[in-house]
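# Notes for the structure review
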Amino acid sequence: MLSLLPLTLLAAPQALPPEGAIPRAAPRVRLHLVEDPARFAALLGATERGDLRRVDFEEVQGIGADPVLIRPERYAESDGLILTGEGGQYVHTDFRFPHDYAAGDSRVQFAPGPIAPPQARGWRGGCRTQATFVHAGRPARVAGFGAVFVDADWPDRAPCRLAAYDQNGVLLGETAGFSGANGSRLFRGLVALDEDHQPAAVIARVELVSGDEWPWVDVSEGVVLDDLVFSPPTSGQQWRPTWFAGGEEREARIDAELAELAGHHPWAGSYYQGDGTGVNVSLKLAPDGGFYFSWHGCLGEYDRNFGRISIDEAGLIHLHCERPNVRKGFQGIDELLAPVRWGDRRYLLPPEKVVSFLAEEGGRWEPRDSIWGFDLLRLGDEDKAVAGAPERIVE
Ligand SMILES: [Ca+2]
Ligand SMILES: [Ca+2]
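Confidence in the prediction for the protein chain averages 86 pLDDT; 88% of positions are at 70 or higher. Low pLDDT, under 50, characterises residues 1-27; the predicted model gives this stretch 35 contacts beyond four residues in sequence or across chains. Note that residues 237-243 has pLDDT below 50 and, in this model, 23 contacts with residues that lie over four places away or in other chains.

Right, dumping it as structure tokens:
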């Protein structure tokens, strides 16, 4: 099911789903900002499904006047968490400012290194932490992550930040610039829920920005962290679609423009390539509306992109992607496409494929008589007979 090329499909056409049965989009996943730890747990179904993972650093022993360095993997085996500062990871009781970094019931708190001297000016030490996840020795993802930011009280000087990224490094959502009183302990959490309000483990990395200096430097905004809480990391089979949203307005604009053009345009249209199972690439494009691309597979929506288009002197269509265009696995789109006319049919081909397509008159798989195939063909054109030889459209 997860093969990259629809070879099995072409060898066994009887295994195909019924014509036109392009899988429906997967439920969309959205990130929710939560400021109440109880609500965070409730959204993740923690009461029914067992405990959340919680790292509060209280078990660290031997803390005296100086902070204690902990390994990034200290919580890997027990909790599936890897915690990486810019230059070491440190815990301490109060980082020498007991009134600012008031631990309350908590005894031990966290700050990312490197350590800077109290009198530091200019460079002032670490303030960024990365949280990543492991499960059974493999990279893993969580559906929710929260942390307590202690003494976030100078947001204008240095906004604190909590940001979640998917496995491709795409930003899923973030909160930044929050603040409270001196010594406050602010919880901020991000929870990924699908359309059915079920937790979706799509968060592969979390970035925490705690002020802009090592906490005992008394120049700018010092902030420490505590009480990291997250859903149990998962990997492997529980692959879920990453968060895809946006582009709906553009898609509607393109649809309207295509309806207005009613086919009276050299290449505007709605194109498809795929096998109806793991590979279903749809690309709509119109001269003013731009393009809207989506990739659906067995497990839902794998990728989506959209943006404006431009045409160069060679008649090539350039797609200007608004989201990162990662071309691997079940993702990505050619950003450069050549429109090709073959009788009443229209194809969109990557430029490097055009020469052989024209020379071999479609090659082994074209002209096809079903919507399934390796090349982007305008939807509905599979019913049209070809006439003559295919040719580039340059206009
Ligand atoms: Ca603690
Ligand atoms: Ca502060």
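The rest of the description comes next.
With respect to the helices and strands, G169 occurs in the loop between β10 (161-165) and β11 (171-176). On the basis of neighbour count, G169 is assigned to the exposed category, with 10 C-beta atoms found within 10 Å. In this structure the C-alpha to C-alpha distance between G169 and R205, which are 36 residues apart in sequence, comes to 7.9 Å.

This part is about the pairing of strand β4 (residues 81-85). The element β4 is extensively covered by neighbouring structure, given that four of its five residues are classed as buried. Inspection of the sheet shows β4 paired to strand β7 (residues 128-135) by five bridges, in the antiparallel sense. Considered in β7, the bridge of L83 is made with A131.

Here the bond from G113 into P114 is cis, since omega is 5 degrees, no more than 30 degrees from zero. Topologically, P114 is positioned in the loop between β6 (109-112) and β7. P367 follows E366 through a cis peptide bond whose omega is 0 degrees. When you line up the elements, P367 lands in the loop between α5 (351-359) and β22 (373-378). Phi at R96 takes a positive value of approximately 70 degrees, unusual for a residue other than glycine. Mapped onto the elements of the fold, R96 is located in the loop between β5 (89-92) and β6. Although it is not a glycine, A136 adopts a positive phi angle of roughly 50 degrees. Within the element layout of this structure, A136 appears in the loop between β7 and β8 (138-140). Residue A136 is classed as exposed on the basis of its C-beta count, with 10 C-beta atoms lying within 10 Å.

The element strand β9 (residues 144-150) is largely enclosed, with a buried count of seven among its seven residues. Because side chains alternate across β9, one face comprises the buried residues G144, G146, V148 and V150, and the other comprises F145, A147 and F149, equally buried. Bridge count between β9 and strand β12 (residues 185-193): seven bridges; the pairing is antiparallel. Bridge pairing links G146 to G189 in β12.

Moving on: the nonpolar core. In this structure, V191, A192, I203 and L225 are the most contacted members of the largest nonpolar core, which totals 57 residues. Apart from the residues within four sequence positions on either side, L225 is in contact with Q109, F110, A111, T129, A147, V148, F149, V150, L208 and S210. Formed by 31 residues, the second largest nonpolar core is a distinct cluster that contains V279, F306, A338 and L349.

Definitions and limits used
Here the residue index of a chain counts from 1 through its sequence in written order. In the order they appear in the text, chains get letters beginning with A and ligands get numbers beginning with 1. This being a predicted model, a pLDDT of at least 70 is required before a residue's local features are given, and a value of 80 or more before pairs of side-chain atoms are given or counted; all residues contribute to the totals for chains, interfaces and linings. Within a predicted model, pLDDT stands for the predictor's per-residue confidence, ranging from 0 to 100. Think of it this way: build a C-beta for each residue from its backbone, and any pair within 7 Å is a contact. Elements are defined by DSSP. Helices are runs of H or I of four residues or more, strands are runs of E of two residues or more, and each kind is numbered from the N terminus. Our exposure labels follow a C-beta count within 10 Å of each residue's own C-beta, placed from the backbone: buried means 20 or more other C-beta atoms, exposed means 12 or fewer, and partly exposed covers the counts in between. Here, any two strands with at least 2 DSSP bridges between them count as paired. Only buried Ala, Val, Leu, Ile, Met, Phe, Trp, Tyr and Cys residues enter a nonpolar core, and they are joined through C-beta atoms within 7 Å.

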